[in-house]
Amino acid sequence: MWFDPKCPWAWIASRWLLEVERVRDVRVRFHVMSLAMLNDGRDDLEEWYREWLRDAWGPVRVAIAAEQKYGNEVLRDLYTALGTRIHLEKAPVGRDLYAAALAEVGLSTALADAADGTDYDEALRVSQRAGLDPVGEDLGTPAIHVPGPDGRTIAFFGPVVTPTPRGEAAGRLWDGVLLTAGTEGFSELKRARTRPVVG
């Protein structure tokens, strides 16, 4: 799964996938992408979204810096530490949040410095390309890739769901998403969002 730590839909999808691990033979690996990078230079964004993206560079840069230094496996716990602070505790996005999340999972708090620089942006761009190329550039996060039964990758955006499905409900959604996304030629199934975001 490719995630942006600030995205509430990615957060819910990630919690759903961790539920799926409990009821299906699935192991989730997390990867970083950036909605700020995806929308950089666009002048057709709504003002509220442009404002929302204002502090979105920091969390993804910290996450990709941690992955580059310690390896992919650290993203699972770091994403949980960042996401809990951002989505559940509603903590202000900034250096204190990054340092606390890094410390919680035993990583160097010096990685918080990555939030304010571009040193890891190329690695971020490579990760983003890997996540979005099979899905489509006009989409975002969550992006999920699953090895299909015939060896080809089943890649899709979503699901966008609230609240987080738990237990066997999470497993049933997983089964349905795989069946739908794995259908040759399938591209979209959508309805209006009528519920508030609830993790």
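Our subject is the structure that appears above.
A few points on the structure. (Residues numbered from 1 in each chain as written. Predicted model: local features only at pLDDT ≥ 70, side-chain atom pairs only at ≥ 80, totals over all residues. Heavy atoms only, no water.)

Overall, the coordinates contain one cavity of 30 Å³ or more when judged by the stated rule. Looking at the largest cavity, its volume works out to about 30 Å³. Classifying every residue of the lining of the largest cavity by side-chain character gives two nonpolar, one polar and four charged. (1 Å grid on protein atoms, 1.4 Å probe; cavity = no way out; pocket = protein on both sides within 12 Å on 5 of 7 lines; lining within 4 Å. Points joined across faces, edges and corners; volume = space filled by probe spheres on them. Nonpolar A, V, L, I, M, F, W, Y, C, P; charged D, E, K, R; others polar.)

Before going further, it helps to spend a moment on the pairing of strand β3 (residues 143–147). Relative to strand β4 (residues 153–157), β3 runs antiparallel, the two being bridged by five bridges. By the bridge assignment for β4, Ala143 is matched with Phe157. Joining the antiparallel neighbours β3 and β4 is a turn of five residues, in which Gly151 adopts a positive phi near 95°. (Pairing = 2+ DSSP bridges. Helix = DSSP H or I, 4+ residues; strand = E, 2+ residues; numbered from the N terminus.)

So, about the nonpolar core. Within the largest apolar cluster, 43 residues are counted, with the highest numbers of intra-cluster contacts made by Met1, Phe3, Phe30 and Val32. Sort the elements by how many residues they give to this core and helix α1 (residues 8–23) lands first, with nine residues. Judged by nonpolar contacts, the second largest core, of 17 residues, contains Tyr98, Leu102, Leu107 and Ala114. (Core = buried A, V, L, I, M, F, W, Y, C linked by side-chain atoms within 4.5 Å. Buried < 20%, exposed > 50% of the residue type's maximum accessible area, 1.4 Å probe, protein only.)

This next bit is on the environment of Trp174. Relative to the helices and strands, Trp174 is located in helix α8 (residues 167–181). Sequence separation between Trp174 and Ala115 is 59 residues; the distance between their C-alpha atoms is 34 Å. When neighbours within four sequence positions are excluded, Trp174 is seen to be in contact with Trp16, Leu17, Val20, Arg24, Val26 and Val146. (Contact = heavy atoms within 4.5 Å.)

Enumeration over the complete set of coordinates arrives at seven aromatic pairs. Arranged with centres 5.7 Å apart and planes meeting at 85°, the rings of Trp11 and Tyr79 form a pair that is edge-to-face. Of the two residues, Trp11 is situated in helix α1 and Tyr79 in helix α5 (residues 74–88); the sequence distance between them amounts to 68 residues. Across this residue pair, the class does not change: Trp11 and Tyr79 are buried. The ring of Trp11 carries the charged tip of Arg15 above its face, separated from the ring centre by 4.0 Å. (Phe/Tyr/Trp six-rings, centres within 6.5 Å; stacked < 30°, edge-to-face > 60°. Lys NZ or Arg CZ within 6 Å of the ring centre and 35° of its normal.)

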